[in-house]
Structures are given as structure tokens and as C-alpha cells.
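These are the residues of each chain, in order.
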Amino acid sequence: MSVFLAILQVVIVTLVAPLISGATRLIRAKMHSRKGSDVFQDYRDIAKLMTRQEVRSNTSSFVARVMPVLYFAVMVVLACGIPMITIASPVPLLGDIITVIYLLALSRFFFSLAAVDTSSAYAGRGGLRELIVGVLVEPTMLLALFAAALVAGSTNMGAMGLAVATGAVSAPVATFLAAVAFALACYVELGKVPFDMAEAEQELQEGPLAEYSGPSLALLKLSMSMKQVIVVSWFLAIFFPFGAAATLNFGTFLLGIVAWCLKVAVAFAVCAVVENSVMRTRYKLLGTQTWAIFGVSVLSFAFLIVGV
């Protein structure tokens, strides 16, 4: 049953990710008083890219060729391990927060390394800036998650989500601040304004894609959409596990699917509204804003120490 659930989660994330990306773009267009493309545009883009010829840089090595497949494979593994429909992880080995952090860091490292490997100054610059964002965001994620893990008494996402769902947390204020810090860090990780604009090829998240085309570009675009769904599901699994199935029977299983879909839709709708209500910030000021988010995670540790 766990294997079936893990495969089902991968299928759902793979199919839903382009739809969510298209819906987010449509919301942006409507808020800007534009018609915009429909929510199925990403599916057409991916299908079109799969039929195009793939062109590679003559100076690139095997790293650039392997990276799209590796990136997609990491997203598939994460989709198997993140609790979405149930409170517990379908694959217990992948249900630890440290494992998830390392897998995300692995995908980021090879994503940036492949950009540098193409020998393109434009793509390489985007890859280096992607690493800088990781340096600024990942410490906040670590502190927030470790604070929540200490409150729950486990680094397993299922145990952490169960502790939040049942109210069995020793420091509710610290847990709340950890949730706020982690939510803000996830927002930065999604590549949203004011921190980034994921759809612009010159921006942090897609700058390294300048040297990719054809099926490789299609696979990367799909993988990046999957990553957004996975990051949001990661946050929901730990801090908003309400509605997830505690036991596997038909009723709770169906309720878990519906609850996950609703929570993900609300989360991305909120992100879309926030993204289109603020203005871009200069990249040089990104560190000052992420340090404020880091301060919230440190504050959660302070409240945890005093037991509040």
C-alpha cells in the first residue's frame, strides 16, 4: 500500500504541477488587467519542447547532459517521501527532514554546476546567483525545522505533523514562529516576487536554463514546477497536516486527497496575490530581507529555550 501511495503521489504531482504554474500565471495576468494565457499553457509548452531538436553547447561536459534527468529524479524521490495525502510518509526512509534538505541541496548544486559547465557567462551568472539564494535561505529552513523537530521530539515529518495536528507541542509560540519563518523561506524558495521572478529567463531561477532546449528544457520546466508543489506540500505536511489521513481506508484516503488539493490551491493562491501586490526588490538588498526571515527562526529558538 505504501508503494502504491508513493507512486500515486508522484503521478499527482507530475500532472498537477504544470496546471498550478499556469493558474498562477493567469492570476497574475488578471491582477494586471491582462487577458493572459489559459491554465493549460504549460502542458502545451512542455509537449512542444519534447518534439523540438535538442542543441547543446560544444564546451559542456556530461554534467550539463545529466543534470535535467538528475533534477527530475530528485523531484520524483521527494514526491515519494513528502507526506501529502497521509500524515505519515509513504516511504519512511525519505520522511526525515534532513534527507529532504540534502536532496534539495543536491538538486540546487547540480543545477548551478550545469549552468557554469556550459561556459556561458549569462547562464553561469544565473547559476552562481542561485547558489547565493540557497546560502541565504537554507539556514532559515534548517533552524525553523529543527525548532519544530525539538518541539515534536522527532525529525520525522509524520511525527512532526502528528504533534501539530493533535496539539501535542510543548512550546506553541515557538512552533508558530517556526511555521512563519519556514513559510517565508518557502516563499523565497518558490522564486516569487519580490525575491525573484521564475518565469523571466534572465532571473535567478531560470537563468541557468539559457543553454538548454528541446526535451531537456521540457524536463527542467516540468521539474521546476514539481519543485514548487513539493516545497508547498513540505510546509503543509509539517505545520498544516489537518485533513491528512491518519489511517488508510477509502473514506480517509479520499478526504486526504481532497484536503491536500484544497490546501495547495489556497497556498498558491495566497502566494499569487502576495506576489502581484508587491514590487521587485534589488538583488543587492535580498540579503537584508532574508536576514529578517532568519531572525524569525532564531526567535523561535529563543521561545523554545524558555519553553513558551
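Refer to the structure presented above.
Our subject in this report is the structure included herewith. (Residues numbered from 1 in each chain as written. Predicted model: local features only at pLDDT ≥ 70, side-chain atom pairs only at ≥ 80, totals over all residues. Heavy atoms only, no water.)

Here we come to helix α10 (residues 286–306). Relative to the 30 Å expected for 21 residues at 1.5 Å per residue, α10 spans 31 Å between its end C-alpha atoms, a close match to the ideal helical length. The secondary structure elements touched by the buried residues of α10 are α5 (121–152) and α7 (172–189). Remark: Gly307 follows α10 within two positions and exhibits a positive phi of approximately 75°. (Helix = DSSP H or I, 4+ residues; strand = E, 2+ residues; numbered from the N terminus. Expected span 1.5 Å × (residues − 1). Contact = heavy atoms within 4.5 Å.)

The next point concerns the environment of Val137. Its place among the elements puts Val137 in helix α5. Among the residues examined, Val137 registers a relative accessible area of 3% and is labelled buried. Residues within four places of Val137 in sequence aside, it is in contact with Ala185, Val188 and Glu189. (Buried < 20%, exposed > 50% of the residue type's maximum accessible area, 1.4 Å probe, protein only.)

This part covers empty space enclosed by the protein. Rolling a probe over the atoms, with the probe sized like a water molecule, indicates the empty space that remains. Tallied over the entire structure, the rule returns 6 cavities of 30 Å³ or more. Considering only enclosed or pocket space, the second largest cavity measures out at about 80 Å³ in volume. Contributing to the lining of the second largest cavity are Glu54, Val55, Arg56, Ser57, Ser60, Ala64, Arg65, Thr118, Glu211, Tyr212, Ser213 and Ser216. In terms of residue class, the lining of the second largest cavity is built from 3 nonpolar, 5 polar and 4 charged. (1 Å grid on protein atoms, 1.4 Å probe; cavity = no way out; pocket = protein on both sides within 12 Å on 5 of 7 lines; lining within 4 Å. Points joined across faces, edges and corners; volume = space filled by probe spheres on them. Nonpolar A, V, L, I, M, F, W, Y, C, P; charged D, E, K, R; others polar.)

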